[in-house]
Each structure stands twice: as C-alpha cells, then as structure tokens.
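Coordinates in review
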Amino acid sequence: MWVWYLILWVSFFAVLSLIGLAVFRLVFGKIEAGDYLISKLLGVIVFFGLFWIIGYLHLLPLTEQVLGAGLTILTILALWYLWQKRVLIDWRSYLLAELLFVGLVVAFVVIRGFYPTVTDGEKPMEMMMLSSNMRATTLPPEDAWLAGQTVNYYYFGYFVFASIAKIIGASSFLAFNFGLASTWALILILLGRLGWVLTGRRSATLLVPISYALMGNLDSLRQIVTKWGSSFDWWHPSRIIPKTITEFPAFSYLFADFHPHMIVAVWLGLLISLLHKAWGQKTTLLQGLLIGLVIGQVFVVSSWSILAAALLTVFALVQQPFSRSALLGGVLGAAMIILPYQLTTTSIWQGVALAGAVSPFGSWLTHWGLFLIGIGLFFLGRQAHRFTLTLLLVATVLIALPELWMIKDMYGYRFNTVFKLFWDAWLLLSIVAGIGFSWLWERRLLGKVVVTTIVLIGGLYLIFALPERLDHFRVWYGGDPARLTFKQIPELEKPYNLLLSQPGSRVYELPGRSFTTDAYLSAFTGTPTLIGWENHELLWRGKSVEINRRKELIDGNDLCQLSARLQQEFHFSYCYRGVGRLVEFGQ
C-alpha cells in the first residue's frame, strides 16, 4: 500500500514542477536546462504560500477537496500561460529532473526501511505537528498536545508535507517518511545545480552535495584511530562541543528527526539559487516578490535560520543592489508570509546575551577540519568570486557569533544558538569546500587521489554508523513506519484506527513527559488531548500558566474520572487508559 502512496507523492511534486516552470518563466523570462531542477520548489513556494495566506484569512477551508481543486486550477493556469508564451518545455530536462528526484526519494525510503522509527528522539513531537496540520482546516492549526490552543511554533514545513499527505490520502506516518526523504532529495538536487552553475564543472555537481550530505566531521576518524575494536559511537560526533549540539546532515538524516532545522535547508538552498539567478540582472518587482516569499517562508519553517537568510540577502544587496521595485516586492513577499504568523504566535526568545562559553579549539577543529581543507583549496585554485565569497562570509559570521553571543531561550545557555547557526553554516561551507575539492579533482590523478581520500575520511561516519543505527540491516520494514511502530507498541493500533475514523473527537491522556511513550495517540492521530509533552509545550510557549491551570483541574486518581468543569470545557470523547484501552466517556 505504501508504494502506491509513494507514487502519488512523487507525482504531486511532478505537477508542482509544471507550476514552478510557469513561475520561472514569468519571473525570469527564460527557462534554461538547469532551471528544471528547481522548478518543483518554486511550485512549492507559490502553491503553499497561497494556501498559507488563505488559511490565515479563513477564506476557504483547507480540506483535501479545496487543496486538490487549487492544485488543479493552478496547474491549468500554468499550462495555459506556458502555451500563451509559446514556451516549448524541454521534456528531456523535465523528465531527467523528475527521475533524479524520484531516484533519491526511493533510495532514502529503501535505506531507512531497515529502521523507520517514529518513536525515538523528538519524532513523536514532529508526528504531532504533521497530524495537527493534517487535521486542520484553518491556520494556525489546533495544537494536539494542548487542546483548544493553537500551535505556537514554526511549522510551515509541516504544513507543506501534511497538506500533500492530506491531498493524496496518506497517513501521518507516510507524511513523516516521505517528507524526510523529499527534503533530502531536494537539497541534494539544489546543491548539485549550484555546483554546476558556480563552476561549470561536472565534478562540482557531485562534490558539493557529497560535502553536504555524505561527509561527517573528524570525530569518526578519531574513534577509529583511538578505539579500534570497540563499537562505533554513532551519536558522539553530534555532541563534540560541550553543552551544545554539533549535528551535521549525515547524522541528522540517519537519526531522522524530521526537525525544522533540516527542512529549512531546502528553503535556504533555494534562496541562494534565486539570489545567484538575479545576480548581474536588472531586478524586477516579481523577482523581489519571489525572493521575499522565500525569505518569509524561511522564517516560518525555522525562525533560527532567518539570520542566515537575512545575511545572505543583505550581503548580496551590498554588492548587487536591487531596484526599488524589487526591494518593494521583497518586503511585500516576506510580509505576506510572516505577518499572519507573528500576529498569532508568541515569541519565547528573550533577547541576546553574552555566550558565556567558548568552544574548545580541538573540538571546533574536529567539527570543521575537513571543510577548512576544502576552503584552502578554494583559495589555492583561485575559485573565489564575489558570490561564493558572500557564502563564505555569511558562514564565517554564523560560526563566530555563538562564540560571542547567544539568543536567550528556555535553556539559558548557548545550546540552541550553536546548534542552529552551525547547521546553517554547514550548508554554506559545503558549497565553498565542494568547489575547492572539485578544483583539485581536475588536477590529474594525484588530485583525484587526494580528494577521494578526503571524501572517504568524511564518509567514515556513514560507513560505520549506518549498520549501528539500522540494526545491522536485519529486518526490512518497508516505507511505512506504522509497521515498526505497531510491532513495538501493538496496543496502540486499535485505538489509533478508532480515533482516525472519528476526526472530530478529542482524547484524554495523562499529561505527558517529553521523550517518553506518553501522548502517542494524540501525536499520531492529531486528536487533541489535555496536555501532551509538557516540557515541549513549555519550551514553545515560555510559560506554564495554562498548563498549571489544566493540571489543577484533573480530579482524583482514576485516569478517566474527570471533573465536570474539565469535561465541560474540553468535551473529551475518549479516555485512553493505556494497554490498548480506549474508553468512551458516558459509557
């Protein structure tokens, strides 16, 4: 069954590509062969940007029928526009771009099929975000872990993939798996295209995405040299700087938390592509509007990445000023996306403070060492020009800032600041270093040997981590995480199916603890409960007044004995006692 939904999923993106081609022709006036590689993302930006605004203005309900009708209308308009402009679609380039996307998505789903879990890390939270958006008909969606309250978190990425699942009739489990695979495929395609347009070398089309997604930091080499014969600690490379997170894409996609910082890389990659496309041109209102839409969506996909987006844009503008109309379009495009979100959410950021800590140089060098080699080659080969230097400059700022300041949040230290800014810097440095590696690759046999050695050292992480994480490839569960989930927790399957059959219901589960099996039913179905993972709700909202009020309303020791006031306020349909027992209130 999941194979059929995967076919529908990639077909949806193929349709979005046609919309994106029309957008590209309208905005830039000419479609080149490489532009087919980013057309589906332009379709995403326009289609979901439109329904984001519709959802917030409550103009139409965001049902599968309305979304499907919107897709049909936009596709017809796109084809009509291309026909009117006598645009001859290069079907060879179109099909090659689609086949590349399909191949990467299928490869990811097949590999992850050996351990497609959605129950460790923060995956239940991410499932809740997807399920809440699938259930919603207006925006912002109701928070399934705090019934009656709307989501107070950046969630545009979840809105996109949940809406696709809603249109094709897939489950939240499939939305998680296919969405994760799609972000992986899209960012690799974007980076491959950037490698080509920035250098004109085929080697760069491979080495830039390889530098981003397949290479880890030097901690893997350290483990192999110092602990040969011991089991490989695949988790440790993501925590090499004390009290911070030093994730990199190879780790993140292997661990497979479908978190906003992973999703937003696609939007940042598209922003870089559009800024480069506009470089050297006389910019127009529509170009500014499109770039503004992307910047606005970066903010609502993962607000931490707005700094990277802003720096990229400002540094590009300093060197390549936009026209006044393009600037106006940019402000308008960003505002259309950001303002509705800002008016309905509360920021938990508490300002800026001194970092209070400095990364140990050895740990810092372990994380960035391979990229430093690539950057050295980048300069040695005289590959620098103003655009690529802009990428390097922004990455340098993102790496330096957490050593000086931090954004204050619930953690009270620079934990998240290092995590999120380093992640965005990895994307930018992978482009610069990949270009450096590709220059050396072209230097005859010796260059190829050196680059291959560097890539293998970076690839040690995946070589040793894949079997550890994927249970040594013992069992293949396929592309639907539900199979593994209900094997691990069989008592959830019957209540899950019952709640899905009654979309207007609410379920009462005990207030949940983060990183436990609590609140799984509400997470997987989107059925609102009283309190889900309490610590996560506190992290998103920054205060506990409403959560404490709800806890005080819980009456007695019996799980399903609710006070009249609590039931009157929330109208729970069911109570989950655990071990598969879903009790209907009133019985």
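To start, this report covers the structure provided alongside it. (Residues numbered from 1 in each chain as written. Predicted model: local features only at pLDDT ≥ 70, side-chain atom pairs only at ≥ 80, totals over all residues. Heavy atoms only, no water.)

Moving on, we come to the side chain of S172. In this fold, S172 is placed in helix α7 (residues 172-199). Non-local contacts of S172, meaning those with residues more than four positions away in its chain, are made with M127, L130, S131, M134 and F524. (Helix = DSSP H or I, 4+ residues; strand = E, 2+ residues; numbered from the N terminus. Contact = heavy atoms within 4.5 Å.)

Our focus in this paragraph is the packing of α7 against helix α17 (residues 415-441). Helix-helix packing is described using two parameters, namely the angle between the two axes and the distance between the axes. It is at 10 Å that the axes of α7 and α17 come closest, and there the two elements cross at 45°. Between α7 and α17, the angle falls in the class oblique. Pair α7 / α17 crosses with right-handed handedness. The residues of α17 that touch α7, namely those facing I187, L191, L194, L198 and T199, are L427, S430, I431 and I435. (Axes fitted to C-alpha atoms, helices over the stretch in contact; angles between N-to-C directions. Parallel < 35°, antiparallel > 145°, perpendicular 65-115°, else oblique. Left-handed = near helix turned anticlockwise from the far one by under 90°.)

Here three strands make up an open sheet; going across it, the order is β3-β4-β5 and the pairing mixed. The open sheet has two free edges, formed respectively by β3 (507-508) and β5 (581-584), since each of these has just one partner strand. Strand direction decides the pairing type here: strand β4 (residues 574-578) and β5, joined by four bridges, are antiparallel. By the bridge assignment, C575 is partnered in β5 with V583. (Pairing = 2+ DSSP bridges.)

Turning next to a nonpolar patch on the surface. A surface patch of nonpolar side chains, amounting to about 460 Å² of accessible area, comprises M1, V3, W4 and I7. Examined against the element boundaries, V3 turns out to sit in helix α1 (residues 2-28). Given the relative accessible area of 43%, V3 is considered partly exposed. (Patch = residues over 30% accessible without salt bridge, like charges linked within 9 Å, V, L, I, M, F, W, Y side chains within 5 Å. Areas by Shrake-Rupley, 256 points an atom, 1.4 Å probe, with all protein chains shown as cover. Salt bridge = Lys/Arg side-chain N within 4 Å of Asp/Glu carboxyl O. Buried < 20%, exposed > 50% of the residue type's maximum accessible area, 1.4 Å probe, protein only.)

One can find D257 in the loop between α10 (249-255) and α11 (260-278). What makes D257 buried here is its relative accessible area of 10%. When the C-alpha atoms of D257 and I164 are compared, they prove to be 19 Å apart, with 93 residues separating the residues in sequence. Excluding its chain neighbours within four sequence positions, the residues that come into contact with D257 are D120, G121, E122, K123, E126, L180, S252 and M262. Side-chain polar atoms of D257 contact the side chain of K123, separated by 3.0 Å. (Polar contact = N/O pair within 3.5 Å; in protein donor to acceptor, adjacent residues only side chain to side chain.)

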